[in-house]
Amino acid sequence: MSPELINLIVQATFESLYMVGIAALLGTAFGLPLGVFLATSRKGELFAAPVINRVLGAIVNATRSTPFIILVVAIIPFTRLVAGTSIGSTAAIVPLTIASAPFIARLVEAAIREVDGGLIETASSFGASPIQIVFKVLIPEALPGLLLALTLAVVSLLGYSAMVGAVGGGGLGDLGIRYGYQRFMPEMMLAVVIVLIALVQLVQSAGDYLARRVNRRLRHR
Amino acid sequence: MNAHQSLAVGQPIAPPAAILSAAEPDAMVRLEGISKIYPAYRGKPGVNALQDIDFAIPRGSITGVIGRSGAGKSSLVRLINGLEKPTTGRVIVDGRDISALAGRELRLAQRSIGMIFQHFNLLSSRTAADNIALPLEIAGWAKADIKARVAELLALVGIADKHDRYPSELSGGQKQRVGIARALATRPSVLLSDEATSALDPQTTRAILDLLANINRELGVTIVLITHEMSVVRQLAREVVVLDAGHVVESGHVADIFTHPRHAITQSFLAEAIGDSLPVSLASRIVSEPAAGGQAVIRVQVRGAGAGDTLVARLARELGLDVALLSARIDEIGGQHVGSLVLGIPGGEDAVTRTLAWLSQYQFPAERLGYVA
C-alpha cells in the first residue's frame with residue numbers, strides 16, 4: 001500500500017477518534033443527568049415528577065427509533081446553526097451527540113436502577129438530601145455499570161461515525177466506502193475494517209478494565 | 001407460712017399495661033394515636049398497616065418491638081425515622097414532632113436517629129472507614145473531624161483493623177459492626193435496629209447483641225429493637241411491645257409480659273423461646289386412658305422469680321406422693337423463671353384431683369396431658 005493511502009488511513013482514524021471522542025463527551029454530559037433523572041423521577045422516587053419523566057421518556061424513545069442516517073439529514077439546519085456548517089467532522093459531532101445522548105441516558109438509567117433501593121433509604125434515613133444521594137450513593141455505587149455503559153456507547157458511536165460520510169463527515173467509514181467500495185480497492189476496505197476492529201477491541205478492553213477496577217462488589221482478598 | 005410466701009411469687013403480677021403508656025414523662029420516642037393507611041394503588045387494595053398505636057419508649061431503655069411479618073414493624077420503623085408520615089397521630093422523637101417536619105428540618109432531625117439494617121446496607125464502593133464517614137459527610141463535617149471520629153467509632157465496635165476493607169471483604173458480623181459504627185457516627189440519641197441480627201448466625205448474633213448492650217450502657221443511647229425473634233428480645237430488651245396485625249397487643253417489662261402472656265401471639269413467641277413440646281420418647285408413651293399402676297401426666301406452667309425451685313419437693317411432701325419428674329424446661333427471661341414441668345402422678349384419680357387442687361391453690365396453671373403405664 002502506498003504511503004499516500006496509509007496517510008489517508010491515519011488521517012481518517014484521527015477524524016473518527018475526534019468525532020467519536022467529542023460526541024461521547026457531549027453525549028455523556030447530556031445523557032448522564034438525563035439518565036439519572038429518568039431513573040429517579042417516577043412516582044414515589046427521589047425526584048418524583050412522573051409527567052416530566054413520561055414526556056422525556058417519549059422524546060428519548062423517539063430519538064432512538066429514528067434511523068441514524070435519517071437523523072443526520074433531518075437535522076442539517078440545526079447542525080448548521082450549532083456548528084456553523086453542515087459539512088465536515090466538526091459538523092458531524094452534532095448528530096452523533098444527539099443520537100448518543102438518549103442512548104447513554106437509557107444505559108445510565110438501567111445502571112442507576114441496579115443500585116439497591118435499600119441504600120437510598122439508608123442515606124435518606126441519615127438525612128441525606130436527594131442531591132447528596134445522587135452524588136454519594138447512586139453514581140459511586142453504579143460506577144462499574146456506568147463505565148460499561150459508556151464503553152458500549154463509544155463502540156456504537158464508532159459504528160455511527162461510519163455513516164456521517166454521507167454529509168462529508170470524513171472518518172474511517174467514509175474512507176472505506178469511497179476508496180474501498182466505490183473505487184474497488186478491497187485492500188483499503190480491509191485496512192479500514194482492521195483499524196476499526198482494533199479500535200473497538202481497545203475501547204472495550206479499556207472499559208472492561210476500568211469497570212473491573214472500580215467494582216468492589218466481587219473483589220476478594 | 002413459709003411455703004406459701006415462697007410460692008406466692010408465682011402468682012400473676014398486676015397487668016403491665018401502664019408501663020409503656022404514651023404518658024411516660026421521660027420518653028425518647030412517643031407514638032400518639034398513630035394509624036398508617038396505604039391507599040389503594042393501581043388495582044392493589046389499600047392496607048391498614050397500623051392502627052391505634054399509642055406507646056412511649058423510655059429514654060435510655062432497650063425496647064423490643066416484636067411481631068410476625070406483616071404485623072406492621074416495617075411501617076413503624078419508617079414512621080419513627082421520618083421516612084414516612086402517619087395517616088393520623090404524632091411521632092415524637094427526643095421531644096421533636098418528626099411527623100410534622102419536612103425537607104431540611106426533617107433531615108436535620110434524622111441525624112439524631114441512627115439506624116441499622118438486616119442486610120447492613122453498606123455502600124459496596126466505600127471502605128469500612130468511608131462507609132462510617134458517610135453520615136458525617138452528609139452532615140457537613142470537616143475532613144479532619146471525620147477522620148478522628150471514624151477512628152474512634154471503628155475502635156468502639158472492635159474492628160479498628162478493618163479500616164481499609166471493602167464490605168465484600170468483611171464477614172456478616174463485621175459488616176454489621178460497620179453498620180453500627182455508621183449509625184452512631186453523628187451521636188444520635190436513639191438507635192433503631194431493624195432486624196439487625198436476622199441475617200447472622202447465632203454466635204455472631206450474640207456478639208452483636210452484646211455490643212448493642214455495651215453501647216446502651218456506655219453511651220446511654222436508647223435502642224429500639226425491631227425483630228421477629230424472641231431470642232433477641234429475651235437477651236437484650238427490658239421493655240417490649242408486641243405487635244400483631246397493626247395493633248399493639250401487649251406492652252411492658254419483658255419479664256411481666258412473658259411470664260404472664262395474655263395474647264395468643266405473645267404465647268406463641270414464648271413457646272418458641274422456651275419450647276413447649278414434650279420429649280419424643282415421652283410423647284409416644286402417653287395414652288388417654290389410665291393404666292393400672294401407671295401415672296397421670298400433668299404439665300405445670302412455671303412463671304416468676306424462683307417459682308419452680310421447690311415445687312416438686314413440696315408437692316411430694318405435702319401430698320405424700322412419689323411425684324416423678326418426667327420432663328422439665330425452665331428458662332429465665334428478664335430475671336423471671338419461665339417454663340414448664342411435666343410431672344408423673346401415681347395413685348389414681350384421687351391423687352390427680354388432689355394435685356390439681358394443690359397447684360391451683362398456689363396459682364400454678366396445670367393441665368392433664370394423659371397417662372403413662
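Criteria and cut-off values
Residues numbered from 1 in each chain as written. Chains lettered and ligands numbered in written order. Predicted model: local features only at pLDDT ≥ 70, side-chain atom pairs only at ≥ 80, totals over all residues. Helix = DSSP H or I, 4+ residues; strand = E, 2+ residues; numbered from the N terminus. Buried ≥ 20, exposed ≤ 12 C-beta atoms within 10 Å, placed from the backbone. Contact = placed C-beta atoms within 7 Å. Core = buried A, V, L, I, M, F, W, Y, C linked by C-beta atoms within 7 Å. Pairing = 2+ DSSP bridges. Axes fitted to C-alpha atoms, helices over the stretch in contact; angles between N-to-C directions. Nonpolar A, V, L, I, M, F, W, Y, C, P; charged D, E, K, R; others polar. Expected span 1.5 Å × (residues − 1). pLDDT = per-residue confidence, 0-100. Parallel < 35°, antiparallel > 145°, perpendicular 65-115°, else oblique. Left-handed = near helix turned anticlockwise from the far one by under 90°.

Things to note about the overall build of chain A
Regarding its fold elements, chain A presents nine helices and zero strands. When the helices and strands of chain A are listed from N to C terminus, the series reads α-α-α-α-α-α-α-α-α. Principal-axis analysis of the C-alpha atoms gives chain A an extent of 65 × 50 × 25 Å. Buried positions account for 43% of the 221 residues belonging to chain A. Intrachain contacts of chain A at a sequence separation of at least 6 include 71% that bridge at least 24 residues.

Concerning the overall build of chain B
The number of helices and strands found in chain B is 13 helices and 14 strands. Counting only C-alpha atoms and orienting by the principal axes, one finds that chain B spans roughly 80 × 50 × 45 Å. Across chain B, contacts joining residues at least 24 apart in sequence account for 72% of those joining residues at least 6 apart.

Observations regarding the nonpolar core
Core analysis: the largest hydrophobic core is formed by 142 residues, its most contacted members being A:Val108, B:Val29, B:Ile132 and B:Leu225. The greatest single-element share of this core, amounting to 15 residues, is contributed by helix H5 (residues 89–113) of chain A. When residues no more than four places from it in sequence are discounted, the contact partners of A:Val108 are A:Gly31, A:Leu32, A:Gly35, A:Val36, A:Leu146 and A:Ala149. The next biggest cluster of nonpolar side chains, apart from the first, holds 17 residues, and it includes B:Ala296, B:Leu315, B:Leu341 and B:Phe364.

Remarks on helix H6 (residues 117–125) of chain A
The complete set of buried residues in H6(A) reads A:Ile120, A:Thr122, A:Ala123, A:Ser124 and A:Ser125. Turning to H6(A), the residues buried within the fold contact helix H7 (130–161) of chain A together with helix H3 (103–110) and strand E6 (113–117) of chain B. The positive-phi residue at the C-terminal boundary of H6(A) is A:Gly127, with phi of around 85 degrees.

Concerning the sheet that holds strand E14 (residues 366–372) of chain B
Residue and element names in this part refer to chain B. Reading across the sheet, the four strands line up as E12-E13-E11-E14 and stay open at both edges, with antiparallel pairing between neighbours. The sheet terminates laterally at strand E12 (324–333) and E14, the two strands that pair on one side only. Going across the sheet, the axis of each strand differs from the next one's by a mean of 15 degrees, ignoring polarity. Pairing geometry for strand E11 (residues 295–304) and strand E13 (residues 336–346), over 10 bridges, is antiparallel. Paired with Gln301 across the two strands is Ser340, which belongs to E13. The strands touched by helix H13 (residues 348–361) within the sheet are E11, E13 and E14, with E13 carrying the most contacts at an inclination of about 160 degrees.

A closer look at the interface of chain B and chain A
Across the contact, 20 residues belong to chain B and 21 residues belong to chain A. For the side of chain B that touches chain A, the secondary structure elements donating two or more residues are H3, E6 and helix H4 (128–138) of chain B. Here the residues of the side of chain B that touches chain A sort into nine nonpolar, seven polar and four charged.

Examining unusual backbone geometry
All names here are of chain B. At Asp52, a position not held by glycine, the phi torsion is positive, near 50 degrees. The phi dihedral of Glu195 falls on the positive side, at around 55 degrees, and the residue is not glycine. A count of 20 C-beta atoms within 10 Å places Glu195 in the buried class.

Thoughts on helix H2 (residues 50–65) of chain A
In an α-helix there are 3.6 residues to a turn, and that puts residues three or four apart on one side. With 16 residues, H2(A) should cover 22 Å at 1.5 Å per step; its first-to-last C-alpha distance of 22 Å lies within 8% of that length. Along H2(A), only one of the 16 residues are buried, which leaves the element largely exposed.

Let's talk about the sheet that holds strand E4 (residues 88–93) of chain B
All names here are of chain B. Taken in spatial order, the four strands of this open sheet run E2-E1-E4-E5, and their pairing is antiparallel. If you trace the sheet from one side to the other, it starts and ends with strand E2 (47–58) and strand E5 (96–97), each paired once. As judged from the two bridges shared by E4 and E5, these two strands associate in the antiparallel manner. Residue Val93 lies in a different strand from E5, and its bridge partner there is Arg96. Against the sheet, helix H2 (residues 73–80) makes contact with strand E1 (27–38), E2 and E4, and its axis sits at roughly 120 degrees relative to E1, the strand it touches most.

A few points about the confidence of the model for chain B
Residue and element names in this part refer to chain B. Averaged over chain B, the pLDDT score is 87; the fraction of residues at 70 or greater is 93%. Below pLDDT 50 for its whole length, residues 1–18 participates in 22 contacts with residues either more than four positions away or in separate chains. The ipTM for the predicted assembly is 0.86, set against a pTM of 0.83.

Quick look at the packing of H2(A) against H5(A)
All names here are of chain A. For the pair H2 and H5, the least separation of the axes is 9 Å and the interaxial angle reads 125 degrees. Regarding the angle of H2 to H5, the classification is oblique. Here the hand of the crossing between H2 and H5 comes out left-handed. Of H5, the residues touching H2 (which contributes Val60, Thr63 and Arg64) are Ile98, Pro102, Phe103, Ala105 and Arg106. In the contact of H2 with H5, the residues fall into five nonpolar, one polar and two charged.

Considering the pairing of E11(B)
All names here are of chain B. Of all 10 residues in E11, nine are buried, a share of seventy percent or more. Bridge analysis of E11 against E14 gives six bridges, and the strand direction is antiparallel. Looking across to E14, one finds that Ala296 is bridged to Tyr371.

A few points about the pairing of strand E10 (residues 247–253) of chain B
In this structure, strand E9 (residues 239–244) of chain B lies alongside E10(B), joined through six bridges in antiparallel fashion. What sits directly across from B:Val242, in E10(B), is B:Glu250.

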